[in-house]
Amino acid sequence: MRYILYFFIGFVATALIYISQVFLLFPTPVSAEYWVREMLVMKRNIGREFAGHKKIVLAGGSSVLFGLDSNEVGQALGLPAINFGLMAGLPLDTVLRETAAVVGDGDILVLALEQDYYCREANRGYDEWQIRNAIAWDYQYWQEMTSFERLASLRFMSPLFPLEMIKARIDLWMGSPIVQPRLAALDDAQVLSKYANPPATADNLYSIYNIDRLGNIRNSDEASYNGQPYSRADVEIQICDGTFLKIKKFVEGMRSKRISVFFMNPPFMALPDLNPAKIDESDEAFIKKLSSLAPVLDRKSEILVPRDNFLNSDMHLNSKGRAFRTKLLIERLNKAIPLS
Amino acid sequence: MLLLASAIFNYCVAQWLERAVANQQDQRKKYLLILAVFANLGLLGYFKYTNFFLGSFYQLQGLNFSPLAIVLPLGISFFTFTQLAFLVDTSQGITTERSFSRYLLFVTFFPHLIAGPLIHHKQMMPQFADAGNYRISPINISIGLTIFVFGLAKKIFIADNFGEIADPVFSAVQSGENVQFFEAWVGILAYTLQLYFDFSAYSEMAIGLSLLFNIRMPLNFNSPCKSQSIIDFWQRWHMTLTKYIGDYIYNPIAMYFMRREFGRSKFKVIIYTLVLPTLITFVLAGLWHGANWTYLMFGTTHGVYLVINHLWRQYKKHKGWVHESIFYQRAACLLTYVSVVFAFVFFRSNSMATALEIQKTMIGLGGISLPSTFADFVPAFVSQSPGVSVSFNGIFPGGLFKISHLDIFLLLIFGHIVVWAMPNIHQLLCRYSIVTQDMTAKAMKNRATPGRLFSYLVWKPTAIWAFSAGILLFAVVLSLATLKPSVFLYYQF
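Residues numbered from 1 in each chain as written. Chains lettered and ligands numbered in written order. Predicted model: local features only at pLDDT ≥ 70, side-chain atom pairs only at ≥ 80, totals over all residues. Heavy atoms only, no water.

Chemist: Would you mind showing me how to read the packing of helix H1 (residues 2-22) of chain B against helix H3 (residues 76-91) of chain B here?
Modeler: Packed helices, taken two at a time, are described by their axes: the angle between them and the distance between them. All names here are of chain B. Their axes nearest at 9 Å, the elements H1 and H3 cross at an angle of 10°. With respect to their mutual orientation, H1 and H3 come out roughly parallel. Of the residues in H3, those in contact with Leu2, Leu3, Ser6, Ala7, Asn10, Val13, Ala14, Leu17, Glu18 and Val21 of H1 are Ile76, Phe79, Gln83, Phe86, Leu87, Thr90 and Ser91. Looking at side-chain class alone, the contact of H1 with H3 contains eleven nonpolar, five polar and one charged residues. (Axes fitted to C-alpha atoms, helices over the stretch in contact; angles between N-to-C directions. Helix = DSSP H or I, 4+ residues; strand = E, 2+ residues; numbered from the N terminus. Parallel < 35°, antiparallel > 145°, perpendicular 65-115°, else oblique. Contact = heavy atoms within 4.5 Å. Nonpolar A, V, L, I, M, F, W, Y, C, P; charged D, E, K, R; others polar.)

Okay, structure coming up:
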């Protein structure tokens, strides 16, 4: 019996050490997606530049960042427009919180969330990524979680994560070059100064140097995506109750500030085996539910984009795809609110 | 429901058979057994082989076939075969079982149900009948927990990592991409290790779970990669299946042929008493693994290997070559391993075309890509030889692998060290009886202990072992939540 007791003591003690280490070492600059933090700082700054002006804000994840052109929208509709597309892996709370901070009285907000966002409870692909970011830089997300949620979130982390945190702390203490770029990404002033002095060419696609002054991605002409799309247009986008309530609360908050909110679909690939009847059928319930909160500007059947219009993933349109989707948005916004 | 219906039907047939045996009603016994065999195999055939046979038939006619929506019930092969063995033995008066609850427990005993081992009533019924086994045994729980945790860790931390290396190679060939010599070898070696660790992990988990209930499973896995012949391999790999097909397929066929007159023809004796029984048995064993031509080829290949191995043994005996040097033993082990690896290509591939393409590449006929630094050293006649295409685009030019080349090599080396040099769980637990003894004593022979080098690893119920297992369980539980879901490879059988 003593063996069994020691076995469970070993298990419980390890769990306690693991949990206490993560809690005690928070925050720590572990390896995470720091470029998203830099992009966020930069986009917050764009928002500040337009504060007090009536504007159009295009918000969502990377399908907005890559798939809509705020320059075109602004020119066509005669209002300044910001691309506030971030990254689809970010928690919905973070996206809504950051968006709310940018929009102001009388603005027009187009919310084009990726499919996963409508039921994050069931789509857990980004969990580890989000917790890493929360511990590395998205402190508010971590702090907004209840203690139980924080505890539960640790189940998505690797068993070696506390060791990684200790190593990051040692690197920090020793001033190791590994953590220097991470620390720079945590300092808003350094990020903005970096953005103000870009090199001649961006080092890679996922860099703030590759984002223009209105938040749009640049240099995205390629069509290198050859995988199987994660989402199909003929499959219904599930809206979970928890998510729906979150979005509802957000939209009501926006309305109270006299902000016009619109929803928009993410892009879908025009696959040869798509069933047209099922596309419309799958759209019905989604549109019906979302329309109870705010108008939906498009239908799935209208944003079926050929494969060569995708950049490097089934969510990222290239410049050709972006032009198509932006044109549709302008047309629909023009109908919804006659601006120009 | 299916499992319950099958158990009720077979229990009733067993009772009737028992009565027929007692009353010496041979004709009735024969018909009952035939009925039961047809009913059981019919059920298995419907669920497991309908699409295969219909698909093959349509293909022969040049027609398109849309597979029927038949869901394969979990563990159907295992519960069908355990019950068939029970019925055959009952019809021969070898076994009897009156208690339906004990019979149901035997058929539905969950630790083995999904991926084996194939349990036999002679091993299990006495344990279920033993009242002592219904008491809590701390030592069995301690051992059971430890084995279960180590098995689960083996599956999560080792087997699945090899799958990450093997899968892209097979997927690439399936989708028509060209893979090169080293990529093919890395893919199949990784798959061999994945299957080895996956199957040994499951076997250990089944043993561990059973021990929690004081039940000992038969030994099913005994360091098969250390085999020095194919005969030896099948006495170490899926041992319960080997015993089953030996007792219920090979022996009856061999006995049937042995009763025939062959005159003086040695050739005929070999064909009828060795080649035919072995090939028939292993073709069926191949098909048992799944309804696909690739499984059939896997079984046939092993059947051919076994025939060659038996003939070689007879030849050695005839020549009086008894002594086997260390060099011979190591070479035999390597040859056996390479042969097994080659046959596993059929086991992993989803079609014969994929399997043959990979095997062609493995023997150098699909292209060999070397690091560019080799360009100056490889003589022109090699790269210009007919059938051999040598290029200098690096050893893995396809960019198939997500992890670095160094990590791939380190993982493969680690895996092979474990399978060739490390003791297995039975050796580490040599002080305790963790499996049924009928097969163990023979199988373990002089390999019951881990040897002097690893003697410090022998399990004892100490605090260190308990803490280690507890810590490992935490790591495993945490990893289960983060890793993408993966099933045991033997689930499909």
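Chemist: Whenever I open this one, the environment of Val73 of chain A confuses me. Can you help?
Modeler: All names here are of chain A. Its location among the elements puts Val73 in helix H4 (residues 70-77). Taking relative accessible area as the criterion, Val73 reaches 0% and is therefore assigned buried. Counting along the chain gives 15 residues from Val73 to Leu58, while the straight-line C-alpha distance between them is 9.6 Å. Contacts of Val73, omitting those with residues within four sequence positions, involve Ile56, Leu58, Ala81, Thr326, Leu329, Ile330 and Leu333. (Buried < 20%, exposed > 50% of the residue type's maximum accessible area, 1.4 Å probe, protein only.)

Chemist: Looking at this structure, how should I read the state of the cysteines?
Modeler: Throughout this description, disulfide means a covalent bond between two cysteine sulfur atoms. All names here are of chain B. The full count for this structure, using the stated rule, is one disulfide over all chains. No disulfide involves Cys333; its sulfur sits 8.0 Å from the nearest other cysteine sulfur, which is in Cys225. Classification of Cys333 as buried rests on a relative accessible area of 14%. (Disulfide = S-S within 2.5 Å.)

Chemist: Sorry, what's going on with the environment of Ile231 of chain B here?
Modeler: All names here are of chain B. Mapping Ile231 onto the fold places it in helix H9 (residues 230-234). On the basis of relative accessibility, which here comes to 8%, the residue Ile231 falls in the buried class. Spatially, the C-alpha atoms of Ile231 and Val179 are 32 Å apart, while their sequence positions differ by 52 residues.

Chemist: Would you take a moment to explain the side chain of Arg150 of chain A for this structure?
Modeler: Structurally, Arg150 of chain A can be placed in helix H8 (residues 147-153). Dropping the residues within four chain positions of it, Arg150 of chain A is found in contact with Phe23, Trp142, Gln143 and Met145 of chain A.

Chemist: Mind showing me how you'd approach the sheet that holds strand E4 (residues 260-263) of chain A here?
Modeler: Two strands in a sheet stick together by hydrogen bonds in their backbones, pointing the same way (parallel) or opposite ways (antiparallel). Residues and elements named next belong to chain A. Spatially, E2-E1-E3-E4 is the arrangement adopted by the four strands of the open sheet, whose pairing is parallel. Because the sheet does not close on itself, it has two edges, and the strands there are strand E2 (81-85) and E4. Neighbour-to-neighbour, the strand axes of this sheet turn through a mean angle of 15°, independent of strand direction. Contacts from H4 reach strand E1 (56-60) and E2, with the element oriented near 150° to E2. (Pairing = 2+ DSSP bridges.)

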